Amino acid sequence: MAERMLQFTHLPQQTPEKREALERRADFEEIYKRFDVQSAKAQASRCSQCGIPFCSIHCPLSNNIPDWLKLTAEGRLEEAYELSSATNTFPEICGRICPQDRLCEGNCVIEKGFESVTIGAVERYITDTAFEQGWVKPIQPRHERAESVGIIGAGPAGLAAAEALRQQGYQVTVYDRHDRVGGLLIYGIPGFKLEKDIVLRRWKWLEEGGVKFVLNADIGGKISFAALRAQHGAVLVATGVYKPREIAAPGSGLPGIVPALDYLITSNRKSLGDAVPEFDSGKFNAAGKNVVVIGGGDTAMDCVRTAIRQGAKSVTCLYRRDKQNMPGSLREVANAEDEGVIFSWLAAPEAFLGDIGVTAVRAIKMHLGLPDASGRQSVEAIEGSSFTLPADLVIKALGFDPEDMPGAFNDPFLKLTAWGTLKTNPKTFETSLPGVFAAGDIVRGASLVVWAIRDGRDAAASIQQYFKAQSLSQAAE
Ligand code: FAD
Ligand code: SF4
Ligand code: SF4
């Protein structure tokens, strides 16, 4: 091992080639190219094979990172794929969109003194290669089971659970109110971070493995929650969080002020080739406009970079804290800056100006005060520091809260937490309703794809235990 690994002392970190900002501003394709075989091997060989791998400890899926890095360095890619896919349902997706700087790579020990191993890029390379080589086989359960599971929501949590349950031979049907599978992977996250073909490929793979999909099916609307429960032995709720947070400022109802997710869904649909009247009418198209995006999270970063690609005249991101205190990934901020986005840090909207539509945002400068009980610094307006930004399109990206789930599902016994997320037993993922489980953002609040995958896998294991316990008690009767 030794001669192949531990190369970090003389081999510098090399991330996959990034397309030039000018070129990538013109399309929605991913901005990072893929490693070639030599770069993947060389970069994997930089790993020092830690006895206690902090990278794995800080990966929500506890991926066996040092081992698949070693196999990659040795050119044993098929084995690397087997190992990587044993703990992660969608390694090629996490490799692309995990905030690695905060998770695995940010905790790589060689980061101290040297630059970290490029774990995400290698993870992506392994599974992309596996698909190309035909190593990714459809799910083939050893035997079929009669019990069925209904999963509400085809996002990463629902899909990870579907895969794990189907592997065990359960009859799995996934319901989604959208017309395509993927949740935020397909309609939220833009193609320049995650190309749509990658998501569509997984949809096909799950169908080939026997997972059934019922789309355009709003549970609680077209199909009642009670009917779904009656139809399946167990139900998993993986519906995500979608209620946008609002801005309380004069003029916030003016035409031209739009919610972030509506804007991103429209853009993603356009990229997928759909007819999108709201885009063609100009309502959700930034072309030729002065655009102001309000917020500092991943959603705001995706909006500013989408607006650039649509040909906006100017794009400004208004965020009330500073760069160091923003929730979005710093890597994405750097990419946005390269692409021409202007950041107005420590600034918040005071009012939206205009008569028949928004024409400007009046904002005020903020400063960071003393930390509150949570340790986060408070923000306070600086009197007399107002300024005005021209704006024909304002995008609100202030985050999401859960919808009213008991109301939507017409079931008052579905218990919630103080934050409106579904209350579950943290060990079993079961909600207050027997046989109804929940996973992903609807339990955690807005989070990350990798956590949704983890929850989906864990909830699936728990559903399996539930069925086992049921058949034991039936046998005892
Ligand atoms: P979702 O992905 O939201 O999927 C839920 C699904 O349930 C949806 O398809 C929805 O249509 C369906 N549904 C909801 N209600 C019903 C109903 N009543 N009936 C039927 N179907 C229903 N995370 C990262 O790790 N990296 C990123 O770069 C990143 N970027 C992001 C960018 C944006 C714009 C957003 C909004 C989020 C981003 N995230 C990112 C967060 C990540 O996408 C989510 O944490 C993750 O998708 C949550 O997965 P989920 O399966 O719980 O829910
Ligand atoms: Fe890193 Fe995410 Fe992959 Fe885990 S799943 S190794 S955190 S990129
Ligand atoms: Fe390798 Fe870094 Fe993980 Fe150590 S922490 S095993 S060097 S990737």
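Quick caveat, the model's predicted, so the values are computed rather than measured. (Residues numbered from 1 in each chain as written. Chains lettered and ligands numbered in written order. Predicted model: local features only at pLDDT ≥ 70, side-chain atom pairs only at ≥ 80, totals over all residues. Heavy atoms only, no water.)

Chemist: Just to check I follow, could you spell out the nonpolar core for this structure?
Modeler: Note that soluble globular proteins tend to have their nonpolar side chains buried in a common cluster. Ile151, Phe225 and Val237 are the most contacted members of the largest nonpolar core, which totals 99 residues. Ranked by residue count, the leading element in this core is helix H18 (residues 449–476), at nine residues. Beyond its immediate stretch of four places on either side in the chain, Phe225 contacts Ile152, Ile219, Gly220, Val235, Val237, Phe409, Asp411, Leu433 and Val436. Counting residues in each nonpolar core, the second largest holds 27 residues, with Val291, Met326, Trp345 and Leu393 among its members. (Core = buried A, V, L, I, M, F, W, Y, C linked by side-chain atoms within 4.5 Å. Buried < 20%, exposed > 50% of the residue type's maximum accessible area, 1.4 Å probe, protein only. Helix = DSSP H or I, 4+ residues; strand = E, 2+ residues; numbered from the N terminus. Contact = heavy atoms within 4.5 Å.)

Chemist: Even after reading the chapter, I still don't get the site of ligand 3, so can you show me in this structure?
Modeler: The full set of residues close to ligand 3 is Cys47, Ser48, Cys50, Cys55, Pro66, Leu69, Cys108, Val109, Val117 and Ile119. Here the shell around ligand 3 is composed, by residue class, of nine nonpolar, one polar and no charged. (Near = heavy atom within 4 Å. Nonpolar A, V, L, I, M, F, W, Y, C, P; charged D, E, K, R; others polar.)

Chemist: When you look at the pairing of strand S8 (residues 314–318) in this model, what are you seeing that I'm missing?
Modeler: Residues in a regular strand project their side chains so that they alternate between the two faces of the sheet. For S8, a buried count of four out of five residues is recorded, marking the element as mostly surrounded by other parts of the structure. Of the crossover connections in this fold, the one passing from strand S7 (residues 290–294) over helix H14 (residues 298–309) to the parallel S8 is right-handed. Remark: the S8/helix H15 (residues 330–339)/strand S9 (residues 342–344) crossover connection has right-handed handedness. (Right-handed = clockwise from strand over helix to strand, strands pointing away.)

Chemist: How do you make sense of the sheet that holds strand S4 (residues 234–237) when you look at a structure like this?
Modeler: The strands that make up a sheet pair up through hydrogen bonds in the backbone, lying either parallel or antiparallel. Pairing within the open sheet is parallel, and its five strands lie in the order S3-S2-S1-S4-S16. Each edge of the open sheet is held by one strand with a lone partner, namely strand S3 (212–214) and strand S16 (436–438). The average angle at which neighbouring strand axes cross in this sheet is 20°, direction not considered. With five bridges connecting them, strand S1 (residues 148–152) and strand S2 (residues 171–175) associate as parallel partners. Across the sheet, the residue bridging to Ile152 is Tyr175, located in S2. Together, S1, S4 and S16 form the strand contacts of H18, whose direction differs from that of S4 by roughly 160°. (Pairing = 2+ DSSP bridges. Axes fitted to C-alpha atoms, helices over the stretch in contact; angles between N-to-C directions.)

Chemist: Looking at this model, I keep getting lost on the pattern of salt bridges. Mind explaining?
Modeler: Side chains that differ in sign of charge can pair as their charged atoms come close. Under the criterion given, the structure shown has 35 salt bridges. Two residues, Arg305 and Glu332, come together in a salt bridge whose shortest N-O distance is 2.6 Å. Here Arg305, found in helix H14, pairs with Glu332, found in helix H15; they are 27 residues apart in sequence, far enough to count as distant. Look at Arg305 and you get buried, because its relative accessible area is 1%. Salt-bridge contacts for Arg309 lead to Glu339; the nearest nitrogen and oxygen are separated by 2.8 Å. (Salt bridge = Lys/Arg side-chain N within 4 Å of Asp/Glu carboxyl O.)

Chemist: Explanation requested: the packing of aromatic side chains in the structure shown.
Modeler: To describe a pair of aromatic rings, you give the distance between the ring centres and the angle between the ring planes. Using the criterion set out here, one finds six aromatic pairs in the structure. A centroid spacing of 6.3 Å and a plane angle of 35° characterise the contact between Phe28 and Phe192, whose relative ring orientation is tilted. Taken as a pair, Phe28 in the loop between helix H1 (21–24) and helix H2 (37–44) and Phe192 in the loop between helix H9 (184–187) and helix H10 (196–208) lie far apart in primary sequence, 164 residues in all. Among the residues examined, Phe192 registers a relative accessible area of 2% and is labelled buried. Residues Phe225 and Phe409 carry aromatic rings whose centres are separated by 4.4 Å and whose planes lie at 15° to one another, so their mutual orientation is stacked. Of the two residues, Phe225 is situated in helix H11 (residues 225–231) and Phe409 in the loop between helix H16 (405–408) and S16; the sequence distance between them amounts to 184 residues. Comparing Phe225 with Phe409 shows no difference in burial state: the two are buried. Aromatic rings pair up to connect Tyr170, Phe437, Tyr466 and Phe467 into one cluster. The residue whose ring lies beneath Arg202 is Trp205, and the NZ or CZ to ring-centre distance is 4.6 Å. A cation over an aromatic ring shows up here: Arg309 above the ring of Phe192, its NZ or CZ 4.0 Å from the ring centre. (Phe/Tyr/Trp six-rings, centres within 6.5 Å; stacked < 30°, edge-to-face > 60°. Lys NZ or Arg CZ within 6 Å of the ring centre and 35° of its normal.)

Chemist: Explain a nonpolar patch on the surface to me, please; I cannot follow it from the model alone.
Modeler: On the surface, Ile52, Phe54, Ile57 and Val109 cluster together into a nonpolar patch covering about 360 Å² of accessible area. Mapped onto the elements, Phe54 comes out in helix H3 (residues 54–57). Taking the relative accessible area as the measure of exposure, Phe54 reaches 38% and is therefore partly exposed. (Patch = residues over 30% accessible without salt bridge, like charges linked within 9 Å, V, L, I, M, F, W, Y side chains within 5 Å. Areas by Shrake-Rupley, 256 points an atom, 1.4 Å probe, with all protein chains shown as cover.)

Chemist: Looking at this structure, I do not really get the sheet that holds strand S14 (residues 393–396). What am I missing?
Modeler: The strand order across the open sheet built from five strands is S6-S14-S7-S8-S9, with neighbouring strands paired in parallel fashion. With partners counted over all chains shown, the strands left at the sheet margins are strand S6 (257–259) and S9, one partner each. Taking each pair of neighbouring strands and ignoring which way they run, the sheet shows an average axis angle of 25°.

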